[in-house]
Amino acid sequence: MKTIKPAPKQWTLLHASIALFMFLTVLAPAAEAQQPKTEKSTMANLRLNWFEIPTQDFARALQFYRAVLGTEIKAQEMGGIRLGMIPLQKGQPGGALSSNPALKPGGDGTVVFLGVDADLSEYLVRIERAGGKVLVGKTPLGPNMGHFCLFMDSEGNRLGLQGP
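We now turn to the structure provided with this report. (Residues numbered from 1 in each chain as written. Predicted model: local features only at pLDDT ≥ 70, side-chain atom pairs only at ≥ 80, totals over all residues. Heavy atoms only, no water.)

Here Val112 lies in strand 5 (residues 112-115). Taking the C-alpha atoms as reference, Val112 lies 10.0 Å from Gly95; in sequence the two are 17 residues apart. (Helix = DSSP H or I, 4+ residues; strand = E, 2+ residues; numbered from the N terminus.)

Printed below as a string of structure tokens:
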């Protein structure tokens, strides 16, 4: 019977490294791919999907947001509730002004921040001209993060804008 000599130490380490590499790059991913995928409801899967801004006077709110945002807000009715659809970029969460009587305007709840591309100073002027109130003026968020402001709209809702 032939006696097998143990491999030199560097040879053993080389083989262990190759085996680990094969496991990490080929075998483990293949085994994981064979496992049934189960969707877990985790915070990582959550995203903002829709928001509604309550109104007391729907026509007044439409006029206010058209003036402040400088864009057309289309009014439509869904399920007996008038909605003013706020135009957002494709793939972004949607939102609307809402005449839903179950929603009450207020300044002490959740704050929605709308992203804008222009300097916030321009929007602050528009807010006051349209009958809103600036609560926090243009404020830097931090290096390369832009600015934000907070305002009270014509309906008594507290909202924010974030921009350059």
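On to helix 3 (residues 120-129). Residues Leu120, Tyr123, Leu124 and Ile127 constitute the buried set of helix 3. Axial view of helix 3: buried residues confined to an arc of 105 degrees, hence all on one face. Buried positions along helix 3 lie against helix 2 (58-69), strand 6 (133-140), strand 7 (147-152) and strand 8 (158-163). The N-terminus of helix 3 is capped by Asp119, whose side-chain oxygen sits 2.7 Å from the backbone nitrogen of Ser121. (Buried < 20%, exposed > 50% of the residue type's maximum accessible area, 1.4 Å probe, protein only. Arc of directions from axis to C-beta. Contact = heavy atoms within 4.5 Å. Polar contact = N/O pair within 3.5 Å; in protein donor to acceptor, adjacent residues only side chain to side chain.)

All right, on to the sheet that holds strand 2 (residues 74-78) then. A sheet is described by the order of its strands in space; here four strands give the open sequence 1-4-3-2, paired in mixed fashion. Both outer strands of the open sheet, strand 1 (50-54) and strand 2, are each paired with one neighbouring strand and no more. Taken pair by pair, the neighbouring strands of this sheet meet at an average axis angle of 35 degrees, ignoring direction. Where strand 2 meets strand 3 (residues 81-86), five bridges bridge the pair, whose relative direction is antiparallel. Its bridge partner being in strand 3, Ala75 is matched across the sheet by Gly84. (Pairing = 2+ DSSP bridges. Axes fitted to C-alpha atoms, helices over the stretch in contact; angles between N-to-C directions.)

All chains considered together, the criterion is met by three aromatic pairs. Ring centres 6.3 Å apart and planes at 70 degrees place the aromatic pair Phe113 and Phe148 in the edge-to-face group. Taken together, the positions of Phe113 in strand 5 and Phe148 in strand 7 put the pair 35 residues apart, joining distant regions of the chain. Accessibility expressed as a relative area gives 40% for Phe113, which makes it partly exposed. Here the aromatic residues Phe64, Tyr65 and Phe151 are joined through ring pairs into a cluster of three or more. The positively charged end of Arg126 is found above the aromatic ring belonging to Tyr123, 4.9 Å away from the centroid. (Phe/Tyr/Trp six-rings, centres within 6.5 Å; stacked < 30°, edge-to-face > 60°. Lys NZ or Arg CZ within 6 Å of the ring centre and 35° of its normal.)

Below, the discussion takes up the side chain of Ser154. Note that Ser154 resides in the loop between strand 7 and strand 8. At 2.9 Å, the side chain of Ser154 and the side chain of Glu155 are in polar contact. With residues near it in sequence (within four places) discarded, Ser154 still touches Arg60, Ala61 and Phe64.

Moving on to the nonpolar core. Counting 23 residues, the largest nonpolar core has Ile53, Tyr65, Leu69, Leu97, Ile127, Phe151 and Leu161 as its most contacted members. Listed by contribution, the elements that provide at least two residues to this core are strand 1, helix 2, strand 5, helix 3, strand 7 and strand 8. At seven residues, helix 2 tops the list of elements feeding residues into this core. When sequence neighbours within four positions are dropped, the list of residues in contact with Ile53 reads Tyr65, Ile86, Ala96, Leu97, Ser98, Asp153, Asn157 and Leu159. (Core = buried A, V, L, I, M, F, W, Y, C linked by side-chain atoms within 4.5 Å.)

Shape descriptors only; they carry no functional weight alone.
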